[in-house]
Amino acid sequence: MAADEEVVGTVKDQLAKLFEESLRVTVPDQTDTDPLIAACNPRFGDYQCNNAMSLWTKIKGTGSAFTGPQPVGQAIMTNLPRSEMIESCSIAGPGFVNVKLSRQWIAKSIQKMLIKGIETWSPKLRVKRAVVDFSSPNIAKEMHVGHLRSTIIGDTLARMLEFSNVEVLRRNHVGDWGTQVSISVCLRVCMHIYVSVYLFVSSDLACINIIVRVLVMDKCSSTYSKVLVYCILGNKVVKVSSVKHWYTVPDNGAFYKASKQRFDSDPGFKERAQQAVVSLQGGKEKYRKAWSQICEISRKGYEKVYQRLGIVLEEKGESFYNPYIPGVLEELGKKGLIEESEGARVIFIEGKKYPFIVVKSDGGFNYASTDLTALWYRLNEEKAEWMIYVTDVGQREHFEMLFTAAKRAGWLPPGDNSYPKANHVGFGLVLGEDGKRFRTRSTEVVKLVDLLDEAKSRCKAALVERGKAEEWTEEELEQTAEAVGYGAVKYADLKNNRLTNYTFNFDQMLNDQGNTAVYLLYAHARICSIIRKSGKDVEELKKTGALVLEHPNERALGLHLLQFAEIVEEACTNLLPNVLLWGQRRRQADSCCVKRLQRSCGNASIYLVFGQSTRYDILGEDSSHLQKDFDNYVWAHDYRYYA
Ligand code: ARG
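Below is a summary of the structure that appears in this document.

**A closer look at the overall build of the protein chain**
- When helices and strands are tallied, the protein chain shows 25 helices and 18 strands.
- For the protein chain, with 643 residues in total, the buried portion stands at 52%.
- Put simply, 70% of the contacts in the protein chain that link residues at least 6 apart link residues at least 24 apart.
- Accessible surface, the protein chain as shown: approximately 30800 Å² in total, 52% of it carbon and sulfur.

**Focus: the sheet that holds strand β12 (residues 338-341)**
- Overall, antiparallel pairing links the three strands, which are arranged β12-β13-β14 in an open sheet. Since the sheet does not close on itself, it has two edges, and those belong to β12 and β14 (356-359), each with one partner. Each neighbouring strand pair of the sheet contributes to a mean axis angle of 45 degrees, computed without reference to strand direction.
- Relative to strand β13 (residues 344-347), β12 runs antiparallel, the two sharing four bridges. Bridged to Ile-338 within β13 is Ile-347.
- Against the sheet, helix α12 (residues 325-334) makes contact with β12, β13 and β14, and its axis sits at roughly 95 degrees relative to β12, the strand it touches most.

**A word on the sheet that holds strand β3 (residues 86-92)**
- Read across the open sheet, the four strands follow the order β1-β2-β4-β3; overall the sheet is antiparallel. Edge positions in the sheet fall to β1 (37-39) and β3, since each has one partner strand and no second. Between one strand and the next, the sheet's axes are offset by a mean angle of 25 degrees, whatever the strand orientation.
- In the sheet, strand β2 (residues 47-49) pairs with strand β4 (residues 96-101) via three bridges, with the strands oriented antiparallel. The residue bridging Cys-49 from the neighbouring strand is Val-97, located in β4.

**Looking at the pairing of β4**
- As defined by bridge partners, β3 adjoins β4 across six bridges and the pair is classed as antiparallel. If you follow Cys-89 over to β4, its bridge partner there is Val-99.
- Counting the residues that bridge the hairpin from β3 to β4 gives three residues, and of these Gly-93 lies at a positive phi of roughly 50 degrees.

Calculation notes
Residues numbered from 1 in each chain as written. Predicted model: local features only at pLDDT ≥ 70, side-chain atom pairs only at ≥ 80, totals over all residues. Heavy atoms only, no water. Helix = DSSP H or I, 4+ residues; strand = E, 2+ residues; numbered from the N terminus. Buried < 20%, exposed > 50% of the residue type's maximum accessible area, 1.4 Å probe, protein only. Contact = heavy atoms within 4.5 Å. Areas by Shrake-Rupley, 256 points an atom, 1.4 Å probe, with all protein chains shown as cover. Pairing = 2+ DSSP bridges. Axes fitted to C-alpha atoms, helices over the stretch in contact; angles between N-to-C directions.

Following this line, the structure appears as structure tokens:
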């Protein structure tokens, strides 16, 4: 935004300024009264001021001239300064002041919005820098559907804050330290590899088959894994797989499972694994090397998922904070927070059954010590003012204890409204059709990559069924299937309040009729087509078009667009991405908008510029590249309705 750009603020902010002036005149003694402005029932107006009731409770019996809340409301209305914003005001119930905005002012504001760009309409938040800690899978384990929610919700929150001009440190707090990683490290360190090669020449001498057999054994000589690699040599060499291939892209999840089985069933191995934690944390070369190999393999796997979903993240895993832990615990000790309990060092938190364990009885650090240190680091080294943690609701208790400890240490202010601030953004479970935790048939956790693959392949199949394979190149087909498939998975997660469990259902999320990404893209493409067919030019509209909002639907659409910034603000302050999406109220407005747009092509361009596409950008879908594909898709799909 240019330095001289006037800061307009949301419609609510602008009204609040006017009401603030009125309040200073109406109740000059009540200097700490902030205007309470909210959108209201459209039958009464567009916004309302809700101060009269609470003011009356404060001033009655103090010799004030007012006789009840209604006269207070009446006075607030009378003292409102004149403004081109307001067309009319009325009083309802016990002193609510209803405001109807001026049609011309709405039109003028949208015109400004169009000319200056949507960036000037981002909400002004009170923070400059925030940490969003999200995704954060555990090294050596497969990323599962629970991490999908954290990844999608966290990325969306980060986008919302970035749009609101907050600098966001996107942190991947991967679980790369402690026992679980050490189990894998231990197995890896103890490995012996045996390779045997067999050659076969076929009877007609036309080809040679090579079979490479790899046996991986640990020091107790029990085979835990066996890989067979076939290479067939004919005229050409056809490489099916190779030993090297197995090492660079092994399945870390399977590796962890094998290790964990050994850990649970073999006491000798368990002891060695626990010893491995010590060796690793003590910096022993061999262990360090195995550890970094395992981390690297996991990282490559995560990176693929992030790339597919268009997600940017910076890894600062648990191990990063390890060197800072002793210093931080010393500070907390000096402040008298840490006590001795059953051999462990703990922080007792009022109202909690168990204390917050910061040093285990064996002297090791844990999840809590790392999180305390990470919080300290984010506040003091990274100078963040808002720390946001996105995990399942199951970790709520952990974060409550963490934040209480930080408040007791004086790192965070008491209460929840001032900065620096920390919030846990919890989310519910992903359920299967049976209403139980989402699992595959073999009751394994569902792998994230498999879900994305299936969403994409279902979309591709649908496109092929509609004859797109003949019309489009393979690349176009792939790109479209990815955009719709991944978009559908994201949207299905985001459209609900994050705290509710949601049922994973491909048919539902890929339905083009319901509240789905497919429908959203569909509506977007419809609008693009309307604009294209109208022959109107958005640039031209900026220069010449004096907007007139004649029809009630046009006015509703105009107001709807103007409320964009406050919807983003609401979504940011409450950390609820679903607020951005189609709520019931907004959905009605949207559907009447689209109908109206079909008749009024000029205004359609505004909706395109500020409506769908902007919301979609925030959700991380680059709608511009989709435009062409979707135009084709939509028009081919259901041309008769929208031609
Ligand atoms: N690795 C953890 C898990 O998978 C999530 C970490 C969340 N972030 C944090 N700072 N504790 O459950």
